[in-house]
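If you want the building blocks of each chain, they are given just below.
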Amino acid sequence: MNCDEEVAWEMPSKILALVIALVAGISMAIQGSINSRLGQTIGNWEAILIVHVVGLATILIILFVFGAGKGDIARVTEAPWYFSLGGLIGVLIVWGVVSSIPKLGVAIATTSIIVGQTLTALIIDHFGLFGLDPTPFTWFKGLGLVLLAAGAGLLLS
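Reading the values: rules and limits
Residues numbered from 1 in each chain as written. Predicted model: local features only at pLDDT ≥ 70, side-chain atom pairs only at ≥ 80, totals over all residues. Heavy atoms only, no water. pLDDT = per-residue confidence, 0-100. Helix = DSSP H or I, 4+ residues; strand = E, 2+ residues; numbered from the N terminus. Buried < 20%, exposed > 50% of the residue type's maximum accessible area, 1.4 Å probe, protein only. Contact = heavy atoms within 4.5 Å. Expected span 1.5 Å × (residues − 1). Phe/Tyr/Trp six-rings, centres within 6.5 Å; stacked < 30°, edge-to-face > 60°. Salt bridge = Lys/Arg side-chain N within 4 Å of Asp/Glu carboxyl O. Patch = residues over 30% accessible without salt bridge, like charges linked within 9 Å, V, L, I, M, F, W, Y side chains within 5 Å. Areas by Shrake-Rupley, 256 points an atom, 1.4 Å probe, with all protein chains shown as cover.

### Thoughts on the confidence of the model for the protein
Note: predicted coordinates in regions of low pLDDT should not be interpreted at a detailed level. Summary statistics for the protein give a mean pLDDT of 91 and a share of 93% for residues scoring 70 or more. Of all helices and strands in the protein, the one with the weakest mean pLDDT is helix 1 (residues 3-42) (84), whereas helix 2 (residues 44-65) scores best (96).

Written out as structure tokens, the structure is:
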């Protein structure tokens, strides 16, 4: 396969990844709105519990009823302990969302979340944290972050 053929195969997978990311972003805005309303109805911590119980039930069905998992969950002990902190971080994320959306609105809270995500992602990428391949910081990426933050600022007006 020559270089042009490799690029031709790579583009559809990148486009698919971008579409998946777009759907995730759409889902996060909807989820944040629903979660914050649930928090206003039953309390934030109680809403976080419900969200995670429903999520657990969903993934159990996906894994064990539909057999969608192709990995090996028995190997979880081979991963560094801190790789399991995603659940704890998930609780903090949902708490942040249900606490901020009622006070800021969905657009401002979500944009603020995205600015924080992007800043952190740039740091993780640059240093190759958590065993990821390093992707060096560039001034264009920094400018993108500044413009993103400026856009967030404009939403505050």
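### Some thoughts on the side chain of Ser100
On the secondary structure map, Ser100 appears in helix 3 (residues 86-104). A relative accessible area of 18% places Ser100 in the buried class. Excluding its chain neighbours within four sequence positions, the residues that come into contact with Ser100 are Gly105 and Ala109.

### Looking at helix 2
An α-helix turns once per 3.6 residues; consequently, residues spaced three or four apart project the same way. Across its 22 residues, helix 2 extends 31 Å between first and last C-alpha, which sits within 8% of the 32 Å expected from 1.5 Å per residue. Trailing helix 2 by a residue or two, Gly67 shows a phi angle of about 60°, which is positive.

### Overview of unusual backbone geometry
The phi angle at Phe130 is positive, at roughly 60°, despite the residue not being glycine. Among the secondary structure elements, Phe130 is positioned in the loop between helix 4 (106-127) and helix 5 (139-155).

### Some points on the packing of aromatic side chains
What the rule picks out here adds up to four aromatic pairs. For the pair Trp45 and Trp95, a centre-to-centre distance of 6.2 Å together with 15° between the ring planes defines the contact as stacked. A residue pair is termed long-range when its members are at least 10 positions apart, and Trp45 in helix 2 and Trp95 in helix 3 qualify at 50 residues. Both rings, one in Trp81 and one in Tyr82, keep their centres 5.7 Å apart while their planes meet at 90°; by these two values the pair is edge-to-face. Of the aromatic side chains, those joined through ring pairs into one cluster are Trp81, Tyr82 and Phe83.

### Details of the pattern of salt bridges
Tallied over the entire structure, the rule returns one salt bridge. The salt bridge involving Arg75 is made with Glu78; its shortest N-O contact spans 3.0 Å.

### Considerations on a nonpolar patch on the surface
A surface patch of nonpolar side chains, amounting to about 890 Å² of accessible area, comprises Leu56, Ile59, Leu60, Ile61, Ile62, Leu63, Phe64, Val65 and Phe66. In this structure, Leu63 sits in helix 2.

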